[in-house]
Amino acid sequence: MATAAATSVSEPEAESKAAPKAEGEEDEVKAARTRRKVLSRAVTAATYKTIGPEWDPQEEGVSESDGDDEEYGMASSGESSPGEYEWEYDEEEEKNQIEIERLEEQLSINIYDYNCHVDLIRLLRLEGELTKVRMARQKMSEIFPLTEELWLEWLHDEISMAQDGLDREHVYSLFEKAVKDYICPNIWLEYGQYSVGGIGQKGGLEKVRSVFERALSSVGLHMTKGLAIWEAYREFESAIVEAARLEKVHSLFRRQLAIPLYDMEATFAEYEEWSEDPIPESVIQNYNKALQQLEKYKPYEEALLQAEAPRLAEYQAYIDFEMKMGDPARVQLIFERALVENCLVPDLWIRYSQYLDRQLKVKDLVLSVHNRAVRNCPWTVALWSRCLLAMERHGVDHRVISDSSKELEELRATFTRALEYLKQEVEERFNESGDPSCMIMQNWARIEARLCNNMQKARELWDSIMTKGNAKYANMWLEYYNLERAHGDTQHCRKALHRAVQCTSDYPEHVCEVLLTMERTEGTLEDWDLAVQKTETRLARVNEQRMKAAEKEAALVQQEEEKAEQRKRSRAEKKALKKKRKTRGADKHQADEDDKEWGDDEEEQPSKRRRVENSVPPSGATEVEIGPAERHVSFDVDPPSKQKEKVATLKRDVPKVPHDSSKDSITVFVSNLPYSMGEPDAKLRPLFEACGEVAEIRPIFSNRGDFRGYCYVEFKDEKSALQALELDRKTVEGRPMFVSPCVDKSRNPDFKVFRYSTALEKHKLFVSGLPFSCTKEELEEICKAHGTVKDLRLVTNRAGKPKGLAYVEYENESQASQAVMKMDGMTIKENVIKVAISNPPQRKVPEKPEARKALGGPMMPRQIFGARGKGRTQLSLLPRALQRPSATPQAENGPAPSPAVTTSQATEVPKMSNADFAKLLLRK
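Residues numbered from 1 in each chain as written. Predicted model: local features only at pLDDT ≥ 70, side-chain atom pairs only at ≥ 80, totals over all residues. Heavy atoms only, no water.

Per an unreviewed UniProt entry, the chain goes by the name Spliceosome associated factor 3, U4/U6 recycling protein and belongs to Microcebus murinus. Listed under Subcellular location (unreviewed entry) in UniProt, the entry text for the chain is "Nucleus". (UniProt positions renumbered as here; feature names shortened; annotations may be inferred.)

Structure representation (structure tokens):
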């Protein structure tokens, strides 16, 4: 662009540096300047129209003086210094040129840099480079779909520069491209208004109507922006003064009033005012029906208006609602509206294309959406596969690929770019393989072998696949063998299988079997002998390795079992020691009480009396020696008789919990609750009220007033009680709460509650050896790689702590079998897990009394113990003077009662106090 700096050079210097230019060159320079000035004015006008009167052209670097002078930069103002202003503009232009060169270089390296395209177009537009702007926009539109803002900017620039019919056709073609990228009501409105300007041309009227009708089909149902299209179409038809056009306007009004749109009331009032005749009843009915539909749509539209972009959750809810309503046109519209703001969400494109494939099945529409999907999200494999399936489903012509075709080279370049992208963007950044099974390279090898007959290239690809850590898998070698079998020769098949026998480590038996089968049918005797020798040697070595691994695993299991047994013994010893200490304390306390009661009835011995007198002061205070200096501390202690009274009072204060068996059907039994739970009624009531109205919650307390960890919950109706059973295993204060029906087991001894099957389930897996820190989500993520997981349950103890076991339920048996093969022996957090088909052992059912009686003759009753139960030492503490010889013979496990004496009579013992025993002993 010419600048004032160029004109400020003196004439002698200009003559000394260069010769006078030819006349043709001067004309070319002037023409270029004129084009730049025209584009600059067009940019100014378009920007002013788009942004509004508040736009300042000086801020954007656009001069308002160009266009009035013949030579740009020669005009000057008498009030300002033109040289200084033009010098500053020249510096800005130079910076822009440097930035343009940088962006062009960046795009030559990476043509898929979206932001570079946008910045380059903006700078070129600012500089007025007409040809370069068009080329930059064209190049970007070929790679990316353009947004509504970019299309409107491009269209405004082209409209402002269109002068003849050819330019108008060029603008029409741009509009056609624009409406295909996204559904944009503003672009359709601009298209319709621009087509009105060409009504004077041949076929202009039909062109306008065609554009508006297509706009109504595309965005006429848009709740908030469709109204503008309807009004513009009506205004156009009203402007044509013909009697036949009146009926066209009537038709537009009636069509619009039958669709739920915002401001329908104003449209109806306008129709009443415009129409000379009364509005037909059918139109009013359709209008009222549309108003009712509008009320259903308003909550979703208001949610979109209140939310901020991209509003994906709101659009998803709106899509669900439209799919329930079932109107295909409205479903398509809401999908298109959502994709305008969420064009980079692959799941949304997949859902849209899936709906079109299954519901509409219109070829042009389906293929258009699939092509747009891969254009917006080219990195999503699922979209490409769906696009290819749709093309095949609708009979798109297949192109024959040959070695010399340009398409083949492009395809190979695409595969290469995909592999480089996975290596650079995934493996180097995240240290993970983006394609662990090398599916891209496998597909490439199939194309080379099947369509190009290039087995050499296919073999090179498979060699690369095997070097990426896949040589140890039998299925990869068998895939390669099948490719060689179909498109290669026997020699390469044999070579591949021999390599597979040496390299496979997971299932070498499969590879060996395939090799022997091939040699049996196609090989010579020497080939067969060699194959047998190799397979036997390999399998012997594999079995030896497996035996060593099994021994190692058995040793680890034995170590774990020994550690578990040691922990079990340690816990048992601690428990026994604790119980022993507790028993000693109780015996000592009982002996003290007995001594004091006996002292009340008999005269105390001098030594005992002195000890009591020294230890118990008359005032009720007790002195305790706390050090060698024989210092004493006194504190009040109630005498034993008062302590017993307090315990008895406490027992009396604990309320007795009545249980009505007639209400078992509306009652559930809740257990495994924390003993430390304070106020169980208040904490459990909100939890169970979600199932129904709770009549009463009866927690069970011990004689000392401590909560025993279980309670009864009574509801108003049986339905609520059944619903409450779903809360079983819900975690309450860190423990799984058990909820079961309230059943009296004395009346129903066979009643058992067991939730899980104990039979063989081929679609369910049993996983053991899990680390205790493994969560359900982590295990589910591992299991999902081998099939669809329907349910997963981690086994816990009554305290909610994991036991390292889990059950995984798959959709079918084949998925479960595949998961066993892949997961058995897997290492998770340094723990080697075991995976097997779920087949729990049969539970041992206790023998019923009738069975014992039938097997062993007459049923022997349980041994009868005293009121305090079975003693620890089984020694009789009854004085010999009171013992009476028993007339019944002694049984092996205790006295056998005679038939004439009932159990209640045999257990009756005369009640005697400690004082009575003391008197009997002293009399003796």
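From this point, things continue past the structure.
Novice: I'd like to hear about the sheet that holds strand E6 (residues 730–732), residue by residue, with values.
Specialist: Strand order in this open sheet of five strands is E4-E5-E3-E7-E6, and the pairing throughout is antiparallel. Each having just a single partner strand, strand E4 (694–701) and E6 make up the two edges of the open sheet. Strand-to-strand twist in this sheet, taken as the mean axis angle between neighbours without regard to direction, amounts to 30 degrees. Note: strand E3 (residues 667–671) against strand E7 (residues 735–741), four bridges, orientation antiparallel. Among the inter-strand pairings, phenylalanine 669 is bridged to a residue of E7, identified as serine 740. (Pairing = 2+ DSSP bridges. Helix = DSSP H or I, 4+ residues; strand = E, 2+ residues; numbered from the N terminus. Axes fitted to C-alpha atoms, helices over the stretch in contact; angles between N-to-C directions.)

Novice: Can you break down helix H17 (residues 346–360) residue by residue, with the values?
Specialist: The end-to-end C-alpha distance of H17, which contains 15 residues, comes to 20 Å, matching closely the 21 Å that a straight helix rising 1.5 Å per residue would cover. Those residues of H17 not exposed but buried are Pro346, Leu348, Trp349, Ile350, Tyr352, Ser353, Tyr355, Leu356 and Asp357. For H17, the elements touching its buried residues are helix H15 (312–325), helix H16 (328–341), helix H18 (363–376) and helix H19 (381–393). Downstream of H17 by one or two residues, lysine 361 has phi in the positive range, about 60 degrees. (Expected span 1.5 Å × (residues − 1). Buried < 20%, exposed > 50% of the residue type's maximum accessible area, 1.4 Å probe, protein only. Contact = heavy atoms within 4.5 Å.)

Novice: Report on a negative patch on the surface, specifying residues and quantitative values.
Specialist: On the surface, Glu689, Glu693, Asp717 and Glu718 cluster together to form a negatively charged patch. Examined against the element boundaries, glutamate 693 turns out to sit in the loop between helix H29 (680–689) and E4. (Patch = residues over 30% accessible without salt bridge, like charges linked within 9 Å, V, L, I, M, F, W, Y side chains within 5 Å. Areas by Shrake-Rupley, 256 points an atom, 1.4 Å probe, with all protein chains shown as cover. Salt bridge = Lys/Arg side-chain N within 4 Å of Asp/Glu carboxyl O. Lys, Arg positive; Asp, Glu negative; His and termini not counted. Charge placed at Lys NZ, Arg CZ, Asp CG, Glu CD.)

Novice: Can you lay out the confidence of the model for the chain for me, pointing to particular residues and giving the numbers?
Specialist: Per-residue pLDDT for the chain averages 77, and the proportion of residues at 70 or more is 71%. Here residues 1–25 is a poorly scored stretch, pLDDT under 50, and it has 16 contacts once near neighbours within four places are set aside; other chains count. Predicted confidence is poor over residues 595–638, with pLDDT under 50, and the contacts of this stretch with residues over four places away or in other chains come to 38 contacts. (pLDDT = per-residue confidence, 0-100.)

Novice: Before we move on, can you summarise the pairing of E4 with the specific residues and values?
Specialist: Relative to strand E5 (residues 707–715), E4 runs antiparallel, the two being bridged by six bridges. By the bridge assignment for E5, glutamate 696 is matched with glutamate 714. Adjacent in sequence and paired antiparallel, E4 and E5 are bridged by five residues, among which glycine 705 carries a positive phi angle near 95 degrees.

Novice: An account of the sheet that holds strand E13 (residues 834–838) is requested, with residue identities and associated values reported.
Specialist: Read from one edge of the open sheet, four strands run E9-E10-E8-E13, paired in antiparallel fashion. The strands lining the two open edges of the sheet, one partner per strand, are strand E9 (789–796) and E13. Each neighbouring strand pair of the sheet contributes to a mean axis angle of 25 degrees, computed without reference to strand direction. Looking at chain direction, strand E8 (residues 761–768) and E13 are connected through five bridges and run antiparallel. Residue valine 767 lies in a different strand from E13, and its bridge partner there is valine 835. Helix-sheet contacts for helix H32 (residues 813–823) involve E8, strand E10 (802–810) and E13, and the interaxial angle to E8 is about 25 degrees.

Novice: Give a description of a positive patch on the surface that names residues and reports values.
Specialist: A contiguous patch of positive charge, built from Lys563, Arg567, Lys568 and Arg571, is present on the exposed surface. As for its placement among the helices and strands, arginine 571 is situated in helix H26 (residues 525–601). Exposure remark for arginine 571: the relative accessible area of 52% places this residue in the exposed category.

Novice: Break down the packing of aromatic side chains for me, with residues and values.
Specialist: Under the criterion given, the structure shown has 26 aromatic pairs. Ring geometry for phenylalanine 335 against tyrosine 352: centres 4.8 Å apart, planes inclined by 15 degrees, an arrangement best described as stacked. On the criterion of sequence distance, the pair formed by phenylalanine 335 in helix H16 and tyrosine 352 in helix H17 is long-range, its members being 17 residues apart. Given a relative accessible area of 0%, phenylalanine 335 falls into the buried group. (Phe/Tyr/Trp six-rings, centres within 6.5 Å; stacked < 30°, edge-to-face > 60°.)

Novice: Tell me what's going on with the packing of H18 against H19, and back it up with residues and numbers.
Specialist: Between H18 and H19, the shortest axis-to-axis distance is 9 Å and the interhelical angle comes to 155 degrees. By the criterion of interaxial angle, the relationship of H18 to H19 is roughly antiparallel. The way H18 lies across H19 gives a crossing that is left-handed. Packed against H18, whose contacting residues are Val366, Leu367, His370, Asn371, Ala373 and Val374, the element H19 presents Leu383, Trp384, Arg386, Cys387, Ala390 and Met391 at the interface. (Parallel < 35°, antiparallel > 145°, perpendicular 65-115°, else oblique. Left-handed = near helix turned anticlockwise from the far one by under 90°.)

Novice: Give me the lowdown on the side chain of arginine 137, citing residues and values where you can.
Specialist: With respect to the helices and strands, arginine 137 occurs in helix H6 (residues 130–143). Those residues in contact with arginine 137 that lie beyond four places of it in its chain are Ile121, Arg125, Glu153, Trp154 and Asp157.

Novice: Please give an account of the pairing of E10 that cites residues and values.
Specialist: Taken together, the five bridges between E8 and E10 define a ladder with antiparallel strand orientation. Bridge pairing in E10 links valine 767 to alanine 806. Bridge count for E9 against E10 is seven bridges, and the pairing is antiparallel. Bridge pairing in E10 places threonine 796 opposite proline 802.

Novice: Any details on the pattern of salt bridges? Residues and values, ideally.
Specialist: Within this structure, the stated rule accounts for 40 salt bridges. Note that glutamate 448 and arginine 412 form a salt bridge whose closest N and O atoms lie 2.7 Å from each other. Of this pair, glutamate 448 sits in helix H21 (residues 439–450) while arginine 412 sits in helix H20 (residues 406–430), and the two are 36 residues apart along the sequence. The exposure class of glutamate 448 is buried, given its relative accessible area of 1%. Between glutamate 781 and lysine 784 there is a salt bridge, and its shortest N-O distance comes to 3.6 Å. Classification of glutamate 781 as exposed rests on a relative accessible area of 52%. Among the charged side chains, a network of salt bridges with common partners joins Arg125, Arg137, Glu153 and Asp157.

Novice: Tell me what's going on with the side chain of arginine 459, and back it up with residues and numbers.
Specialist: Mapping arginine 459 onto the fold places it in helix H22 (residues 455–470). Taking relative accessible area as the criterion, arginine 459 reaches 13% and is therefore assigned buried. In contact with arginine 459, not counting residues within four places along its chain, are Tyr480, Glu484, Gly488, Asp489 and His492.

Novice: Go over unusual backbone geometry with me, naming the residues and quoting the values.
Specialist: The step from alanine 309 to proline 310 runs through a cis peptide bond, and the omega angle for that step is 10 degrees. Tracing the backbone through its elements, the reader meets proline 310 in the loop between helix H14 (281–306) and H15. Of note in this structure, cysteine 438 is not a glycine but carries a positive phi near 55 degrees. Within the secondary structure layout, cysteine 438 lies in the loop between H20 and H21. For asparagine 453, which is not glycine, the phi torsion reads 55 degrees and is therefore positive. Here asparagine 453 lies in the loop between H21 and H22.

Novice: Which residues make up the packing of helix H8 (residues 165–181) against helix H9 (residues 185–196), and what values do they have?
Specialist: Close contact between H8 and H9 brings their axes to 10 Å; oriented N to C, the two are set at 160 degrees. With respect to their mutual orientation, H8 and H9 come out roughly antiparallel. For the element pair H8 and H9, the recorded crossing hand is left-handed. Across the interface between the two elements, Arg168, Val171, Tyr172, Phe175, Glu176, Ala178 and Val179 of H8 pack against Ile187, Trp188, Glu190, Tyr191, Tyr194 and Ser195 of H9. Looking at the contact of H8 with H9 residue by residue, the class counts come to nine nonpolar, one polar and three charged. (Nonpolar A, V, L, I, M, F, W, Y, C, P; charged D, E, K, R; others polar.)

Novice: Break down the environment of threonine 788 for me, citing the residues and quoting the values.
Specialist: Within the fold, threonine 788 resides in the loop between helix H31 (776–783) and E9. When its relative accessible area of 41% is taken as the criterion, threonine 788 is described as partly exposed. For the pair threonine 788 and glutamine 815, spaced 27 residues apart in sequence, the C-alpha to C-alpha distance is 7.6 Å. Residues within four places of threonine 788 in sequence aside, it is in contact with Glu809, Tyr810, Glu811 and Gln815.

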